[in-house]
Every structure is written in structure tokens, then in C-alpha cells.
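Fold and geometry: a report
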Amino acid sequence: MTDAREPIRVGVLGARGRMGLEVCKAVDAADDMELVAMIGGGDWLFNAADAGAQVLVDFTKPDVVMDNVHWAVDQGINMVVGTTGFTEKRLERVRGWLSHKPGVGVIVAPNFGIGAILMMQFAARAARYFESAEIIELHHPRKLDAPSGTAGHTARLIAAARAEAGRGPVPDATSEELPGARGADIDGVRVHAVRSAGLIAHQEVLFGTQGETLTIRHDSLDRSSFMPGVLLAVRAVVDRPGLTVGIDDLLD
Ligand SMILES: NC(=O)C1=CN([C@@H]2O[C@H](COP(=O)(O)OP(=O)(O)OC[C@H]3O[C@@H](n4cnc5c(N)ncnc54)[C@H](O)[C@@H]3O)[C@@H](O)[C@H]2O)C=CC1
Ligand SMILES: O=C(O)C1=N[C@H](C(=O)O)C[C@H](O)C1
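Since the structure is predicted, the reported quantities are computational estimates derived from the model, not experimental observations. Residue indices begin from 1 for each chain and proceed along its sequence in written order. All chains are assigned letters beginning at A, and all ligands numbers beginning at 1, according to the order in which they are written. With the structure being a predicted model, the display of local features is reserved for residues of pLDDT at least 70 and the display and counting of side-chain atom pairs for 80 or more, all residues being used for whole-chain, interface and lining totals. No hydrogens and no water enter the side-chain calculation; it runs on all heavy atoms of the structure.

Once that is clear, we can look at the overall build of the chain. Summing up its helical and strand segments, the chain has eight helices and eleven strands in all. Over its C-alpha trace the chain gives a radius of gyration of 19 Å, about what one expects of a compact globule, namely 18 Å for 252 residues. Seen through its C-alpha atoms, the chain measures out along the principal axes to roughly 60 × 35 × 30 Å. Contacts were defined at the residue level, with two residues in contact if any of their heavy atoms lie within 4.5 Å. Contacts spanning at least 24 positions in sequence make up 71% of the contacts within the chain whose residues lie at least 6 apart. Secondary structure elements follow DSSP: runs of H or I no shorter than four residues count as helices, runs of E no shorter than two count as strands, and numbering proceeds from the N terminus. C-alpha atoms define the radius of gyration in this analysis, and the globule rule sets the expected value at 2.2 Å times the number of residues to the power 0.38.

Glancing now at the site of ligand 1. A cutoff of 4 Å decides nearness: a residue is near a molecule or strand if any of its heavy atoms lies inside that distance of it. Neighbouring ligand 1 are 21 residues, the closest being Arg18, Met19, Thr84, Phe112 and Lys143. Separating a nitrogen atom of ligand 1 from a backbone N or O atom of alanine 109 is a distance of 3.0 Å. Each accessible area is a Shrake-Rupley estimate made with a 1.4 Å probe; only the visible protein chains count as cover when residues are assessed. Calculation on ligand 1 without its partners gives an accessible area of 860 Å², and the protein chains cover 80% of this total. We define a polar contact as two N or O atoms separated by no more than 3.5 Å, with the added condition that, inside protein, one atom must be a possible hydrogen donor and the other a possible acceptor, whereas residues neighbouring each other in sequence contribute only through side-chain atom pairs.

Within this document, salt bridges are pairs made up of a side-chain nitrogen of Lys or Arg and a carboxyl oxygen of Asp or Glu, the two lying within 4 Å of each other. One pass over the structure, following the stated rule, counts eleven salt bridges. Residue aspartate 219 pairs with arginine 217 through a salt bridge whose shortest N-O separation is 2.7 Å. Burial classes follow relative accessibility: with a 1.4 Å probe on protein chains only, a residue under 20% of its type's maximum area counts as buried, one over 50% as exposed, and anything between as partly exposed. Residue aspartate 219 is classed as partly exposed on the basis of its relative accessible area of 32%.

Across soluble globular proteins, nonpolar side chains show a tendency to be buried alongside one another. Phe112 and Val234 are the most contacted members of the largest nonpolar core, which has 31 residues in total. Going through the elements one at a time, strand E1 (8-13), helix H1 (18-29), strand E3 (55-58) and helix H7 (227-237) are the ones with two or more residues in this core. The greatest single-element share of this core, amounting to six residues, is contributed by H7. The residues touching phenylalanine 112, leaving out its near neighbours within four places in the chain, are Phe59, Val80, Val81, Gly82, Ile117, Ser225, Phe226, Gly229, Val230, Ala233 and Ile247. We define a nonpolar core as any set of buried Ala, Val, Leu, Ile, Met, Phe, Trp, Tyr and Cys residues linked to one another through side-chain atoms lying within 4.5 Å. Residues Leu45, Ala53, Leu91 and Leu243 belong to the second largest nonpolar core, which totals 25 residues.

This brings us to the sheet that holds strand E6 (residues 132-139). Being paired, for any two strands, means DSSP has found at least two bridges between them. Strand order across the open sheet formed by five strands is E7-E8-E6-E9-E10, with mixed pairing between neighbours. On the outer flanks of this sheet lie strand E7 (184-186) and strand E10 (212-220), each paired with one strand and no other. Recorded for the sheet is a direction-independent mean angle of 20° between the axes of neighbouring strands. Relative to strand E9 (residues 201-209), E6 is paired through eight bridges, and the arrangement is antiparallel. Residue pairing for E9: glutamate 134 is matched across the bridge by leucine 206. In the packing of helix H5 (residues 114-126) onto the sheet, contacts are made with E9 and E10, and the angle to E10 comes to roughly 160°. Inter-axis angles, ranging from 0 to 180 degrees, are taken between N-to-C directions of lines fitted to C-alpha atoms, where helices are fitted over the stretch in contact. Together, E6, E7, strand E8 (189-195) and E9 form the strand contacts of helix H6 (residues 149-164), whose direction differs from that of E6 by roughly 170°.

The next subject is the domain arrangement of the chain. Examined at the domain level, the chain breaks down into domain 1 (8-108 + 224-250) and domain 2 (114-221). The gap between the C-alpha centroids of domain 1 and domain 2 is 27 Å. Defined in terms of a 1.4 Å probe, buried area is the accessible area two parts forfeit on being brought together, summed over both. Looking only at domain 1, the three residues that lose the most surface to domain 2 are Arg18, Thr84 and Asp248, adding up to 51% of its buried area. Summed over the shared surface of domain 1 and domain 2, the number is zero salt bridges. Amino acids outside the nonpolar list (Ala, Val, Leu, Ile, Met, Phe, Trp, Tyr, Cys, Pro) and the charged list (Asp, Glu, Lys, Arg) are all regarded as polar, and Gly is one of them. When grouped by side-chain class, the residues that make up the side of domain 1 that touches domain 2 number four nonpolar, two polar and three charged. Residue ranges labeled as domains rest on an automatic or database domain assignment.

Here six bridges tie E1 to strand E2 (residues 33-39), and the two strands are oriented parallel to one another. Within E2, the residue paired with valine 10 across the bridge is leucine 35. Running through H1, the crossover from E1 to the neighbouring parallel element E2 is right-handed. If you view a crossover with the strands going away from you and the path from the first strand over the helix to the second runs clockwise, you call it right-handed.

Printed below as a string of C-alpha cells:
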């Protein structure tokens, strides 16, 4: 257990990136946290251990995040991970590393925004009632990956809810004249990725059935929207060994 009077010592990986900078500001402003390490690409990870970090927050890139998590777990340092790219196979590998370090916690969340979390929950709830479901994610043009982690997670939630309700494939008689015209297929749910200047992070989930549609939309208008969720996860992870996926359980 962490002494509640001692600030949590936090290091940030990807500290010079768009999200990393915002996390450094938020941690610095939190009374119960101390920013002890800011690690960018090319910096030595051991600086974070030398600085006594108890929690590392990772907003780097899908191709480096697994090495970071592996290193941190090996060092016995807890992690809060916002970086995308987490497939079930990757999560299983993290569980494997953690099984050798019973006191260490890792929280991986595809989206730390409260509105985004609710949007995903609402979508999962609606999924069983509609024949059709499609996801449109919209992001800033510097985003490296598509589709977004949030869209992938939402698609899997919808697919699981449909399967549980005994729903078959979504109706779709269209033949694709150009590959990609109907978007990506994630577990039978079509996902469309839009990139445009002026956007930050947005998602619509479109459901349809006889004579009606339901659209659930979330907009992150500023990266500060993710910070309450990130700080919540930092506070939680020091007393939460093992792997936690998403921060839904922490909100209540
Ligand atoms: N879970 C969530 O709520 C959110 C997740 N994201 C995800 O976070 C990730 C980062 O997004 P942005 O900040 O927009 O990207 P960015 O490209 O602005 O920042 C990434 C930073 O990581 C650095 N970096 C690369 N390799 C590194 C390494 N080995 N060690 C330390 N730093 C390293 C880069 O130099 C860069 O400064 C993406 O995967 C994005 O999808 C973004 C927003 C919210
Ligand atoms: O890169 C981003 O910006 C975002 N990435 C995350 C994702 O891929 O889902 C979360 C949010 O959409 C912003």
C-alpha cells in the first residue's frame, strides 16, 4: 500500500509528444503526484528507474510500447498505458509478464475520456437491438494508426454483444468496387477512419433497424479531456496488481 501522504512518483514515456506533454502538465499540477522523469524517444529508460518512478505513463507508439511495458514490469514499476495497438494477443503477453511479478499493476486503456468510455458502454448496450452497426472514427491528420484503438475496442464490444444476443452478420449486399470502400472489418463490424485538419478525436457509432437509426457520438475537443482518466488510473494502479483493461471499473 502507498502511504496516502506521500506523492506518487510518476514518469512519463513519450513526454515530448502531444499526449505526453499534456500528461506532464497534469501530473505536475496534481497535489498527490510528483513528476520525476520525462522520457522521450532515444532517452534511456533507466533514468525513470533511477528517479524512483512508481508509475510510468506511456503515450508513445504501438511499435515501442510492448518493450516499454516489458521493461517496466521487469523493474517492478507500475504502468498506465494509453498507447494504442493492444490486441488480445498483446494483452496475453502482458499477463504472462505480470504473472512473474505479482505486486505490479498495468492499466491499459484505449481511451481515458469519460465521454468516450460512456459512448462505448452505450454502444455495447445498444448493439443487441439493431441489425446494423457501423463505426466512423475521425481524428487529426498526424495520427499514426488507423483504425483508432477506441474504434477497434468499440467494434469488439459490439460484436460480443451481438454474438451474445444471437445476432448474425449485419445485412450488406454491396459489392466493393474499390478495396477499402466499405472500411475495415473488425469482427464483422465495419470501421471507417476519417483524418482531417481541425479534428482532435471523435467517434460516431451508427446503429440501424427497421425505420430508425441511433447515432452515438463522442467528441474530444481538447487533449485535456483525457487527463482526469489518466490521473485516476495513476492513483489506482499503485494498489491494483495485475492487468486492468479500460478504466470503466475505476470510475465507480
Ligand atoms: N488512450 C487514450 O486516451 C489516448 C491514446 N492516444 C494514443 O497515444 C499514442 C501517442 O499519441 P500522440 O501523443 O498523439 O503521439 P505523438 O507522436 O505526438 O507522441 C509520441 C511520442 O513518443 C515518443 N517516443 C517514440 N518512441 C519512444 C520510446 N521508445 N520511448 C519514449 N518515447 C518515445 C515520440 O518521440 C513522440 O514524442 C498513440 O498511440 C495514440 O493513439 C492518444 C490520445 C488519447
Ligand atoms: O491518437 C489519438 O489522438 C487518439 N488515440 C486513441 C485511439 O486511437 O483510440 C484515443 C483517442 O481516439 C485519441
